[in-house]
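# Chains, contacts and geometry: an overview
Each chain, written out:
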Amino acid sequence: MREIVSGRILAIDEEERIIVLLVKHKLRQFYLQRSMFNKIGKYFEESRFIQFVVTEEPRLYRNNKVSNVDHVLKVMEIRHRQNIVYYDLKNIKKGTKNVINSLRVKMFLDLEMSMHPYSVDKSFKQEIIQVGYVLVDSNNNLMEEYIEMIKPTIHPKITRRTIKFLKITQEEVDKGIDYIEFYNHFKEVIEKYNPAIIVWGRNDFLALRESYKYNKVPSLKKKTRYINLLKLHKNYFNLKNDLGLFNALNLYTVREDKQAHNALDDAQVTREIFNGFKKAINYNFHPDLTKYQ
């Protein structure tokens, strides 16, 4: 079943994440998952208009008959002169499309990090040990591919966990370039092309921010602009949970090999996902997301 429900909010139970509406002259209760309530619940107030989608039959939840909200379409306050819109999925999708289509030079970036030892070490700092990126122009033509191993500054010797997970050796890391060499190159590319930096998730952005502190170099925060492609997928397709990089890739193409945790390979995958996502939002192609929603 797929039901679009509209009406004014009559009551809100924030602890149980339940809202009550009058639907076709009957009081009905609707349940929202925690992630959805945390994202949109701040807009909920009694008497505000809400519209959402229900895709399952009602169920019993703590002796209450509730219907699960699949995703919210709109939250607004209806006024005589002009309505106030607090949340509108159509506007979010339109904004996403405008942002994606406006991007010119793009850098698809991926980082691999050193990993904590198996034993607890509160002094341990994760550091960038491999950088890979793909730089393309406004027509999606390849400008540059970059892959380098980076020697850690704080913990020169990598942990056994890092070696096992990334399938690298200490010798390979020792032959890498110094962090400052990568920093100067990265800074030069940023200043020359001002690319939109496309990443999957927040980890790479946070790792770069920390790396400036660890290596005592000026932050490039004001020079860089990041596009979190994972977050765009979650918002655009109403995903309740994070989507893995290769799961996202398989939405747009068939690739049976497993993730190798190589920075350049993952940067290339991020580019493929971006291209698929751009086609989806421009040509109304909807990938099969049923097992992720």
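Above this text is the structure in question.
What you see is a predicted model; the values in this text were computed from it and never measured.

Read across the sheet, five strands follow the order S10-S9-S8-S11-S12 without closing on themselves; strand pairing throughout is mixed. Only two strands of the sheet have a single neighbouring strand rather than two, namely strand S10 (142-149) and strand S12 (225-228). The mean inter-strand angle of the sheet, taken between neighbouring strand axes irrespective of direction, is 25°.

Within the largest apolar cluster, 32 residues are counted, with the highest numbers of intra-cluster contacts made by Ile198, Trp200, Leu229, Phe237, Leu243, Ile273 and Phe277. Looking at this core, the elements with two or more residues in it are strand S9 (128-136), strand S11 (196-199), helix H7 (229-237), helix H8 (245-252) and helix H9 (263-283). Here this core takes eight residues from H9, the largest share from any one element. Once residues within four sequence positions are removed from consideration, isoleucine 198 is found in contact with Leu103, Lys106, Met107, Phe108, Leu109, Ile227, Leu229, Thr270 and Phe274.

Here the focus is a nonpolar patch on the surface. The grouping of Leu10, Leu22 and Leu27 at the surface amounts to a nonpolar patch, some 300 Å² of accessible area in total. One can find leucine 10 in strand S1 (residues 3-13). Classification of leucine 10 by relative accessible area gives partly exposed; the value is 41%.

A full pass over the atoms with the stated rule returns 14 aromatic pairs. Ring plane angle 10° and centroid distance 4.9 Å describe the contact between tyrosine 133 and tyrosine 146, whose orientation is recorded as stacked. Linking tyrosine 133 in strand S9 with tyrosine 146 in strand S10, this pair joins segments that are 13 residues apart in sequence. Take tyrosine 133: its relative accessible area is 0%, and that puts it in the buried class. Members of the aromatic cluster, joined through ring pairs, are Tyr179, Phe182, Tyr183, Phe186 and Tyr212. The ring centre of tyrosine 86 lies 3.7 Å from the NZ or CZ of arginine 48, which sits over that ring. The ring of tyrosine 236 is capped by lysine 93, whose NZ or CZ atom sits 4.9 Å from the centre of that ring.

Calculation rules
Residues numbered from 1 in each chain as written. Predicted model: local features only at pLDDT ≥ 70, side-chain atom pairs only at ≥ 80, totals over all residues. Heavy atoms only, no water. Pairing = 2+ DSSP bridges. Helix = DSSP H or I, 4+ residues; strand = E, 2+ residues; numbered from the N terminus. Axes fitted to C-alpha atoms, helices over the stretch in contact; angles between N-to-C directions. Core = buried A, V, L, I, M, F, W, Y, C linked by side-chain atoms within 4.5 Å. Buried < 20%, exposed > 50% of the residue type's maximum accessible area, 1.4 Å probe, protein only. Contact = heavy atoms within 4.5 Å. Patch = residues over 30% accessible without salt bridge, like charges linked within 9 Å, V, L, I, M, F, W, Y side chains within 5 Å. Areas by Shrake-Rupley, 256 points an atom, 1.4 Å probe, with all protein chains shown as cover. Salt bridge = Lys/Arg side-chain N within 4 Å of Asp/Glu carboxyl O. Phe/Tyr/Trp six-rings, centres within 6.5 Å; stacked < 30°, edge-to-face > 60°. Lys NZ or Arg CZ within 6 Å of the ring centre and 35° of its normal.

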